[in-house]
Amino acid sequence: MNAPDPNPSGAVAESDLMLVERTVAGDQKAFALLVVKYQRRIQRLIGRMVRDVDLVEDIAQETFIRAYRALHQFRGDAQFYTWLYRIAVNTAKKALMELKRDPTVTESFLKPDDDDETKTRGNELISDETPESVFAAKEIAAVVNGAIAALPEDLRQAVTLREIEGLSYEEISVVMNCPIGTVRSRIFRAREAISAKVRPMLENQAGKRW
Amino acid sequence: MKPEQLKNRELVSALADGQLRGAEFTRAVALANQDGDAAAAWHAYHLAGEILRTGEAGANAFDQGFLARFETRLAQEANLKPALADSPDATKIVANYAYTKRANGQFDQSNPANDSANQSSYRWKLMAAVASLAAVGAIGWNSLGNLPGVADTLSGLKPSAQLAQAAPGAVAPGHARPDTVAPGQARPDAAAPGQAQQPQIMIRDPHLDALLAAHKQFGGTSALQMPAGFIRNATFEGAGR
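Before going into details, it helps to say that this report is about the structure given with it. What you see is a predicted model, and the numbers here were worked out from it, not measured in a lab.

Quick notes on the overall build of chain B
- Scanning chain B from terminus to terminus reveals 10 helices and 0 strands.
- Starting at the N terminus and walking to the C terminus, you meet the elements of chain B as α-α-α-α-α-α-α-α-α-α.
- Sorting the 241 residues of chain B into buried and exposed places 24% on the buried side.
- If you sum the accessible surface of chain B, you get close to 16100 Å²; carbon and sulfur atoms cover 59% of it.

Put into structure tokens, the structure is as follows:
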């Protein structure tokens, strides 16, 4: 089982570790930022193992609760997401074992064992997905890609190097031959341009769970 | 957009990339939690990043209630299991109750704490413990009844029409004498304070005695439940064994 590193930048890993340390120190709100940051990724991971959308939600919630409870054990020798990934897989497998023992549960709850995050999902729908939810998700993805394409070259390059290539600000400043402050400003402006298109869609769809 | 709002969003963007330290980091964390606009920016920036990396949004892209549900559930579990925060094996806790309930269509999010994961087996253990106690109590009661003196006391509690014939003048316990003492007055045969009581009359049933005498040869004990001598010293001597 390979847990891909979604964001190899050491700065981000350090930021996650700082949020963990703040949480252990008593600031539960710091953990909330980690939940928002990784919730979709964890749900996608679990969704590859379990069909039922509500069960995916339950397992994802349980994953974060277990992580919260065990946060004092996180030593920082691995990235936070790697640690969270293992908890999610273990939690999902445990839930699947319980479901398999239940004779009233049908096979439609289950998927073949597959916890490889790098494997792309086919075009099949999970049981509770609707065409509307699939369309909405594709729509927002198209909006983001369109917003990226419409960016000035320097902003597009900065945000692409950061989000897709996972380079740190220092590395980007070397690639783009500009100060780190400029890198920070360009990435922020790129995000703002994308967010300006995405946030209205999010506000319109707030609370909907297809 | 206000300049301060823009500045807050810029801080959140830098926080997302791990670029903040010290006071800036603390301020950005507080903003992302307490300021609605900053929190929305945190959510939107990460969603955009995931879409850029994976090319897809996923059906849960619009779900902004996950965090609220998580905090509610965490608060509920904190009330139920305060010791878990110190558990070294927190990641191994089997929290399968919700999954089973969900699978059976019985999941109740509003009251997840009514039963624990081992509630069913706990009930059986409780029943077994109660049954064991009852059995021990019954055995103990029977053993107590076999003790000398106690058996006679217990048997004397049973009224019998023959008792009056067997011992004229004797009164079974629990039955009032014709000349019952009025309340407040001492019984005529009660020992005066300071004097020793006269020995109690043992009430015996002659029919019972006859039965016991007829059967004592077949039992290892006498009527008084004392081990018979021939049993205690029993030996077997046979020629040529």
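What follows picks up the thread again.
Concerning the overall build of chain A
- Summing up its helical and strand segments, chain A has 8 helices and 0 strands in all.
- Among the 210 residues that make up chain A, the fraction classed as buried is 53%.
- Residue pairs in contact within chain A that sit at least 24 positions apart in sequence constitute 66% of those at least 6 positions apart.
- By element, 52% of the accessible surface of chain A is carried by carbon and sulfur atoms, the whole surface being about 9400 Å².

Description of the packing of aromatic side chains
Residue and element names in this part refer to chain A.
- Per the counting criterion, the structure on display carries 10 aromatic pairs over all chains.
- Ring centres of Tyr81 and Tyr85 lie 6.1 Å apart, and the angle between their planes is 65°; on these two criteria the pair is classed as edge-to-face. Taken together, the residues span about one helical turn, with Tyr81 and Tyr85 both in helix α4 (residues 80-101) at a distance of 4 residues.
- Overall, Tyr85 belongs to the buried group, its relative accessible area being 1%.
- Three or more aromatic residues joined by ring pairs form one cluster here, namely Tyr38, Phe74, Phe80, Tyr81, Trp83 and Tyr85.
- In this structure, Arg41 is placed above the aromatic ring of Tyr81, and the distance from its NZ or CZ to the ring centre is 5.2 Å.

Concerning the nonpolar core
- Ranked by internal contacts, the top residues of the largest apolar core, which has 58 residues, are Phe31, Ile42, Ile46, Phe64 and Phe80 of chain A.
- Among the secondary structure elements, those contributing two or more residues to this core are α1 (10-24), α2 (28-47), α3 (53-69) and α4 of chain A together with α1 (3-16), α2 (22-34), α3 (36-54) and α4 (66-80) of chain B.
- For this core, the element with the highest residue contribution is α4 of chain A, accounting for 12 residues.
- Those residues within four positions of Ile42 of chain A in sequence are excluded, and the remaining contacts are Ala60, Thr63, Phe64, Tyr81, Leu84 and Ala88 of chain A.

Focus: α2 of chain A
All names here are of chain A.
- The end-to-end C-alpha distance of α2 is 27 Å, a good match for the 28 Å that 20 residues give at a rise of 1.5 Å each.
- Of all the bends in α2, the greatest, near 50°, is centred on Tyr38.
- For α2, the buried fraction is high: 18 of the 20 residues fall into the buried class.

With respect to α1 of chain A
- Taking 1.5 Å as the rise per residue, α1 of chain A with 15 residues should run 21 Å; its terminal C-alpha atoms sit 21 Å apart, in good agreement.
- Packing partners of the buried residues in α1 of chain A comprise α2, α3, α4 and α6 (153-163) of chain A together with α1 and α2 of chain B.
- Within two residues after α1 of chain A, Gly26 of chain A carries a phi angle of roughly 125°, on the positive side.

Considerations on the packing of α2 of chain B against α3 of chain B
Residue and element names in this part refer to chain B.
- As a packed pair, α2 and α3 sit with axes 5 Å apart at the nearest point and diverge in direction by 95°. The orientation of α2 relative to α3 falls into the category roughly perpendicular. Across the interface between the two elements, Leu31, Ala32 and Gln34 from α2 touch Gly36, Ala38 and Ala39 from α3.
- Counted by class, the contact of α2 with α3 contains 4 nonpolar, 2 polar and no charged residues.

What to know about the environment of Leu19 of chain A
- Inspection of the secondary structure puts Leu19 of chain A in helix α1.
- The class for Leu19 of chain A is buried, based on a relative accessible area of 0%.
- Taking C-alpha positions, Leu19 of chain A is 7.5 Å from Leu34 of chain A, a pair spaced 15 residues apart along the chain.
- Excluding its chain neighbours within four sequence positions, the residues that come into contact with Leu19 of chain A are Ala30, Leu33 and Leu34 of chain A together with Phe25 and Val29 of chain B.

Section: the packing of helix α8 (residues 180-204) of chain A against α1 of chain B
- At a closest axis distance of 10 Å, the pairing of α8 of chain A and α1 of chain B adopts a crossing angle of 110°. On the basis of their axis angle, the class for α8 of chain A and α1 of chain B is roughly perpendicular. Residue-level inspection shows Arg184, Ile187, Phe188, Arg191, Glu192 and Arg199 of chain A of α8 of chain A in contact with α1 of chain B, the latter providing Leu6, Arg9, Glu10, Leu11, Ser13, Ala14 and Ala16 of chain B.
- Tallied by class, residues from the contact of α8 of chain A with α1 of chain B come to 6 nonpolar, 1 polar and 6 charged.

Details of unusual backbone geometry
All names here are of chain A.
- Positive phi values are uncommon outside glycine, yet Asn177 reaches one of about 55°.
- Locating Asn177 in the fold gives a position in the loop between α7 (169-176) and α8.
- Residue Asn177 is classed as exposed on the basis of its relative accessible area, which comes to 72%.

Notes on the environment of Phe80 of chain A
All names here are of chain A.
- Structurally, the position occupied by Phe80 is in helix α4.
- Each C-alpha atom of the pair Phe80 and Leu34 lies 9.3 Å from the other, and the pair is 46 residues apart in sequence.
- Apart from residues no more than four positions distant in its own chain, Phe80 is found in contact with Asp16, Val20, Phe31, Leu34, Tyr38, Leu71 and Phe74.

Brief notes about the side chain of Asp37 of chain B
- Looking at the element boundaries, Asp37 of chain B is found in helix α3.
- With sequence-adjacent residues up to four places away left out, Asp37 of chain B is seen in contact with Arg199 of chain A together with Gln5 and Arg9 of chain B.

What counts as what
Once a new chain begins, its residue numbering starts again from 1 and follows that chain's sequence as written. Key to labels: chains lettered from A, ligands numbered from 1, both in the order written. Side-chain atom pairs in this predicted model are given and counted only at pLDDT of 80 or more, local residue features only at pLDDT of at least 70, and totals for whole chains, interfaces and linings cover all residues. Side-chain calculation: all heavy atoms of the structure are included, whereas hydrogens and water are not. The numbering of helices and of strands both runs from the N terminus, where a helix is a DSSP run of H or I of at least 4 residues and a strand a run of E of at least 2. For the exposure calls, accessible area comes from a 1.4 Å probe over protein chains only, and a residue counts as buried if that area is under 20% of its type's maximum, exposed if over 50%, partly exposed in between. Surface exposure here means Shrake-Rupley accessible area, sampled with a 1.4 Å probe, where a residue is shielded only by the protein chains that are shown. Should any heavy atoms of two residues lie within 4.5 Å, those residues are considered in contact. Stacked, edge-to-face and tilted labels apply to pairs of Phe, Tyr and Trp rings (six-membered ring for Trp) whose centres lie within 6.5 Å, assigned for plane angles under 30 degrees, over 60, and everything in between, in that order. Only when the NZ atom of a Lys or the CZ atom of an Arg is both within 6 Å of the ring centre and within 35 degrees of the ring normal do we say a charge sits over the ring. Residue types Ala, Val, Leu, Ile, Met, Phe, Trp, Tyr and Cys, when buried and joined through side-chain atoms within 4.5 Å, form a set referred to as a nonpolar core. To estimate how far a helix should extend, the number of its residues minus one is multiplied by 1.5 Å. Two axes enter the bend calculation: one fitted to the seven residues ending at the residue in question, the other to the seven starting there, and the bend is the angle between them. Axis geometry follows a simple rule: fit a line to the C-alpha atoms, using only the stretch in contact for helices, then measure angles between N-to-C directions, giving values from 0 to 180 degrees. Convention used here: angles under 35 degrees read as roughly parallel, angles over 145 as roughly antiparallel, angles from 65 to 115 as roughly perpendicular, and any remaining angle as oblique. Under the scheme applied here, ten amino acids are nonpolar (Ala, Val, Leu, Ile, Met, Phe, Trp, Tyr, Cys and Pro), four are charged (Asp, Glu, Lys and Arg), and all others, including Gly, are polar.

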